[in-house]
Amino acid sequence: MTSVADGGPVLEAAGLTVHYPVHRGPIGGRVVHALDDVTLTLHPGRIVAVVGESGSGKSTLARVLAMAQQPTAGSVRLSGQEVRLRSRRARREYASRVQLVLQDPFSSLNPLHRVRYLLARPLALHAGVRAEAELDRRIRGLLERVALTPAERFIDAYPHELSGGQRQRVAIARALAVRPDVILGDELVSMLDVSMRLEILNLLSGLRDEERLAMLYITHDIAAARYFTDEIAVMYAGEIVEYGPSEPVTQAPAHPYTKLLIGSSPDPGREPALDGDDDDLGEPPDLVAPPAGCRFHPRCPFVMAHCRVSAPPRVDVDAGRWARCWLLVDEVEPTPRQTT
Amino acid sequence: MNGDLLLDVDGLCVQYDMPGGAPLLAVSDVSFTLRRGEILGIAGESGSGKTTLITALLRLQRPPAVTVAGRARFFPRDGEPLDLLHADARTLRRLRWERIAVVFQSAMNALNPVQRLSSQFVDAVRAHRRLSKAEARRRAERMFELVGIPAGRMRDYPHELSGGMRQRATIALALVCEPDVVVMDEPTTAVDVVMQRQILRQIARLQREAGFAIIFITHDLSLLLEISHRIAIMYGGRIVESAPALALHRDPRHRYTVGLRDSFPPLRGPVPQLLGIPGTPPDLRRPLPGCSFAPRCAHSTADCEATVPPLQTEAERVYACIHPHRQAVEVQP
Amino acid sequence: MRVPGWLLPANTKARVGVAILACYVVVAVIGPWFVESVLGLHATGISNDALLPPSGAHPLGTTQEGQDVLAQLVVGTRSSLLVGVVAAAISTVLSVLIGLAAGYYGGFFDSTLNAVTNVFLVLPGLPLVIVLAGYLRGSGGPMAVALVIGLTGWAWGARTKRAQVLSLRNRDFVLNARLLGESDIRIMVREILPNLAPLISSTLMLAVVGSILAVSGLDFIGIGNIDSVTWGTMLYFAQSRQAIASGAWWWYIPPGLAITVLGAAAALVNFGIDEVVNPRLRVARRGRSRRSKNVVGAAAVRAAVGPDERQAS
């Protein structure tokens with residue numbers, strides 16, 4: 001594992017754009033705008049949450065950062081160097097520094113392999129560990145780090161003998177086996193029972209504090225993001241619409257979409273908000289032909305004429321905090337949308 | 001909201017016959033009541049028995065699930081109470097959809113993909129009511145409007161609608177015969193949080209207008225706290241606590257309820273260090289002699305593991321815990 | 001790997017089928033030795049006891065040339081089974097290689113392999129086998145016939161395995177292995193192939209039986225190697241020597257029955273295969289279609305479902 005200079009970013013996405021071609025009839029050239037000009041940095045010892053609904057592009061972002069797919073434009077930089085994977089060896093080296101952990105604990109582990117094999121493979125491939133005794137020792141160490149103890153109970157188990165939370169911990173242990181600098185987690189807990197989620201979140205939090213790992217945590221649950229991550233990037237229709245430290249973003253959101261997300265999340269602490277108007281807040285955006293101007297404008301309660309025409313710029317709200325919204329640009333006056 | 005009694009379930013037991021071994025007790029001794037116009041939330045994680053409970057009530061369960069004990073009485077507005085578990089096939093067929101409707105978890109996938117929405121609705125309505133095609137279509141249009149789908153979308157095929165619309169369409173389908181009870185099993189799990197809020201608002205509004213009762217089943221306790229009048233918590237096939245929603249949130253009794261409530265990181269207010277609930281859900285093939293939550297409970301004693309705790313009643317709540325939680329929690333408004 | 005469940009299916013029909021197949025295997029393995037050494041009967045020795053009906057000396061009678069029918073039947077079991085196994089092995093190996101490669105690599109490679117598979121699917125199987133076997137005219141022995149059957153029968157299996165591989169390839173654990181930097185070969189062999197095993201094993205058994213039936217058909221027409229003793233050649237000679245007209249039922253009924261019972265056993269096993277592949281079907285036997293009557297007291301359950309059915313699980 002190469003050391004990373006303190007303070008500098010370890011993994012960066014610079015202007016990442018991913019367009020998938022759509023094959024539909026004689027009219028060519030239509031694309032799905034999965035990601036558009038996304039810029040994000042990850043630092044050691046900090047967790048960045050990417051929050052958004054399905055179709056927002058968050059999973060695509062994780063996959064591009066893991067180099068599981070090629071971006072249409074833009075680049076990924078590891079420790080300042082642009083990443084270009086030309087050979088299998090280059091891919092392996094990248095994997096030893098950046099690991100992706102996926103959402104489904106049922107399908108991310110091969111059901112026919114025991115935990116021992118699943119953890120031995122990355123150790124053999126990346127740390128060159130092949131001696132039985134050493135492998136065994138390292139595997140036990142990994143299981144201990146993800147709190148799967150006593151190791152005897154788990155080391156020879158098959159995935160179907162474990163609960164969802166345990167399987168996810170094995171997946172995290174597998175990612176840790178290569179001693180990465182960065183862990184990318186895609187909705188790690190959404191398929192787990194509620195009571196098991198916190199142990200995973202606490203585990204990730206511990207990894208950040210003790211091992212100074214850089215992490216990207218993708219979720220649709222903004223309350224969980226607030227709980228343990230340092231920064232939140234809110235994504236909508238393939239773009240980041242707001243970015244900043246978790247607490248201010250959730251307590252005083254700047255972008256109307258963030259406000260909508262927070263207002264829609266279940267919050268037993270607040271007075272029942274189901275009496276409000278169930279006016280149609282619109283459908284999720286069409287990624288093949290996204291709305292002109294600000295992509296959120298069809299659903300925005302504060303939409304102005306300007307929003308329909310030109311895409312808003314990045315506006316700094318505070319130190320380390322910004323959002324893309326015309327409302328934040330001083331000379332434009334907000335007016336609530338007329339209800340039809 | 002003390003309406004008439006609508007549903008009375010008493011001591012329901014459902015088991016799965018396993019090949020060459022002891023049966024798996026999916027639902028054990030479940031009793032609850034439902035009143036007209038009441039929204040009852042049933043919260044539980046995987047393996048708690050909540051889905052088995054509903055399929056057993058409606059006699060929709062498939063082998064090897066067998067209902068082995070208990071009683072479930074339905075009280076229609078006119079006529080005698082019906083025993084759901086022993087009614088004959090014809091009565092049951094009339095009951096289903098007309099009096100008791102169900103929206104299942106992957107309901108949006110239950111729409112026939114090769115039939116237009118309007119014809120699916122018309123079929124469903126005419127299966128239960130003597131209406132002409134035109135009348136049935138008008139009724140379907142009205143239902144669509146009620147759930148917020150433009151009437152123009154009726155001639156679409158299911159795949160042309162978004163997930164949220166499909167879910168609302170299935171809710172409309174459930175309401176088309178104006179049932180007394182609508183059972184919803186995880187109706188919003190597959191949709192985004194914004195759409196979820198919209199759908200819940202629509203359900204709440206429809207419920208206020210039409211007055212049907214709802215049994216809302218989900219693993220998301222925080223959601224139930226916002227929509228239900230009353231909440232029942234299921235664990236290991238039993239109801240371990242049942243109380244008015246607010247009381248359950250502010251001052252739960254059963255230790256599992258406390259753990260579950262504290263598994264949801266708060267959006268507002270201070271961020272505490274949360275621990276969730278250690279351990280794993282119980283193995284229903286090897287039921288414990290005592291409380292099934294005892295292995296995961298920090299407050300369990302030998303008594304807890306000896307016998308299943310009985311249900312105690314306290315004002316409007318019941319719970320099955322011999323070392324209940326007592327401290328009231330201040331909730332920031 | 002887990003113990004394959006297909007060896008002992010829970011379904012009674014499949015158990016009967018497997019038992020029958022096991023009998024055939026036992027006969028094929030020790031039969032010829034037993035019949036020659038213990039019973040002293042010879043399959044090919046020509047004698048003067050022509051067309052004798054079954055008796056103590058010859059339990060299944062003799063042929064026109066005085067050869068013992070029982071001995072022939074037993075030796076024929078071994079040759080038929082052997083050819084069937086070899087042919088099935090060849091076609092299975094081919095279908096796995098092609099299905100795996102096509103499904104995993106995709107793209108141009110997949111399209112090419114698909115085209116080849118399509119050609120073989122479209123070619124009429126039996127006429128092709130007849131033409132090829134006729135061309136060989138018995139040279140190369142029974143193994144040549146096995147090769148021909150194997151080389152023409154892989155296409156359907158390749159198609160189904162490719163479909164399975166396509167779905168496995170998109171599973172998260174395969175993505176993980178690729179991101180980890182595992183080589184393609186290693187992924188195909190260690191990650192995907194083990195998950196393909198149930199499909200392979202279920203089709204293998206049926207491929208063996210299908211090949212045996214094909215070989216018997218070839219032999220009966222006279223295109224196979226008529227010097228070898230198989231069920232098919234027994235029928236060939238029985239027919240050409242007018243066994244039916246002579247009323248020598250002991251000559252043509254045993255081999256015919258052997259073939260028929262084998263086919264029936266395969267069909268029975270087929271019933272059980274569905275349960276192995278789809279575990280949800282396994283427990284659906286009990287209670288059958290009495291959905292709305294599924295509500296009974298425990299005692300009534302025991303009374304309604306007879307004691308034998310409960311033990312069948």
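**Section: the overall build of chain A**
Within chain A, the secondary structure is distributed over 10 helices and 12 strands. Looking at chain A residue by residue over its 340 residues, the buried ones come to 50%.

**Here we look at helix α6 (residues 155–169) of chain C**
Because each turn of an α-helix spans 3.6 residues, side chains separated by three or four positions end up pointing in the same direction. Between its first and last C-alpha atoms α6(C) spans 21 Å; for 15 residues at 1.5 Å apiece the expected length is 21 Å, and the two agree. Looking at the packing, one finds that the buried side of α6(C) touches α2 (69–105), α3 (107–122), α7 (172–180) and α8 (184–221) of chain C.

**Considering the interface of chain B and chain A**
Contacts between the two partners involve 41 residues from chain B and, on the opposite side, 33 residues from chain A. Per element, the largest residue contribution to the side of chain B that touches chain A is 10 residues, and it comes from helix α6 (residues 193–210) of chain B. For the side of chain B that touches chain A, a count of residues per class yields 18 nonpolar, 15 polar and 8 charged.

**A short note on unusual backbone geometry**
Excluding glycine, residues mostly have negative phi values, and the peptide bonds linking residues are mostly trans. All names here are of chain A. Cis geometry is found at the peptide bond from Thr 149 to Pro 150, where omega equals 0°. Although it is not a glycine, Ser 79 sits at a positive phi angle of roughly 50°. Residue position: Ser 79 is located in the loop between β4 (73–78) and β5 (81–82).

**Regarding the environment of B:Leu60**
With respect to the helices and strands, B:Leu60 occurs in the loop between α1 (50–57) and β4 (65–74). Taking the C-alpha atoms as reference points, B:Leu60 and B:Thr91, 31 residues apart in sequence, are found 14 Å from one another.

**Overview of the pairing of strand β10 (residues 239–245) of chain A**
Residue and element names in this part refer to chain A. The element β10 is largely enclosed, with a buried count of 6 among its 7 residues. Where strand β9 (residues 231–236) and β10 come together, 6 bridges link them in antiparallel fashion. Each residue of the ladder has a partner; that of Ile 232, found in β10, is Gly 244. Hairpin connection of β9 to β10: 2 residues between the antiparallel strands, including Ala 237 at a positive phi of 50°. Of the pairings in the sheet, the one linking β10 to strand β12 (residues 321–324) comprises 2 bridges and is antiparallel in character. Note on β12: the bridge partner recorded for Tyr 243 is Trp 322.

**Remarks on the packing of helix α6 (residues 164–176) of chain A against helix α7 (residues 194–211) of chain A**
All names here are of chain A. Orientation of α6 relative to α7, taken along the N-to-C sense of each, is 15°, at an axis distance of 9 Å. As judged from the angle between their axes, α6 and α7 are roughly parallel. Once α6 is placed against α7, the crossing between them reads as right-handed. Contacts between α6 and α7 involve Gly 164, Gly 165, Gln 168, Arg 169 and Ile 172 from the former and Met 196, Glu 199, Ile 200 and Leu 203 from the latter.

**Concerning the sheet that holds strand β5 (residues 82–83) of chain B**
What links the strands of a sheet is backbone hydrogen bonding, and the strands pair in either a parallel or an antiparallel sense. All names here are of chain B. The sheet built from 4 strands is open, its strands ordered β2-β1-β4-β5 with antiparallel pairing. What marks the edges here is a single partner per strand, and that holds for β2 (24–35) and β5. As defined by bridge partners, strand β1 (residues 5–16) adjoins β2 across 8 bridges and the pair is classed as antiparallel. Across the sheet, the residue bridging to Gln 15 is Leu 25, located in β2.

**Comments concerning the sheet that holds strand β7 (residues 181–185) of chain B**
All names here are of chain B. Here 8 strands make up an open sheet; going across it, the order is β6-β7-β8-β3-β9-β10-β12-β11 and the pairing mixed. The sheet is open, and its two edges are formed by β6 (100–103) and β11 (312–314), each paired on a single side. If you compare each strand with its neighbour and ignore which way they point, the axes differ by 20° on average. For strand β3 (residues 39–43) and strand β8 (residues 213–218), the ladder comprises 5 bridges, and the chain directions are parallel. In the strand pairing of β8, Ile 39 is matched with Ile 214. Its contacts with the sheet place helix α5 (residues 163–175) against β6 and β7, and it is angled at close to 170° to β6.

What counts, and where the lines are drawn
- Residues numbered from 1 in each chain as written.
- Chains lettered and ligands numbered in written order.
- Predicted model: local features only at pLDDT ≥ 70, side-chain atom pairs only at ≥ 80, totals over all residues.
- Helix = DSSP H or I, 4+ residues; strand = E, 2+ residues; numbered from the N terminus.
- Buried ≥ 20, exposed ≤ 12 C-beta atoms within 10 Å, placed from the backbone.
- Expected span 1.5 Å × (residues − 1).
- Contact = placed C-beta atoms within 7 Å.
- Nonpolar A, V, L, I, M, F, W, Y, C, P; charged D, E, K, R; others polar.
- Pairing = 2+ DSSP bridges.
- Axes fitted to C-alpha atoms, helices over the stretch in contact; angles between N-to-C directions.
- Parallel < 35°, antiparallel > 145°, perpendicular 65-115°, else oblique.
- Left-handed = near helix turned anticlockwise from the far one by under 90°.

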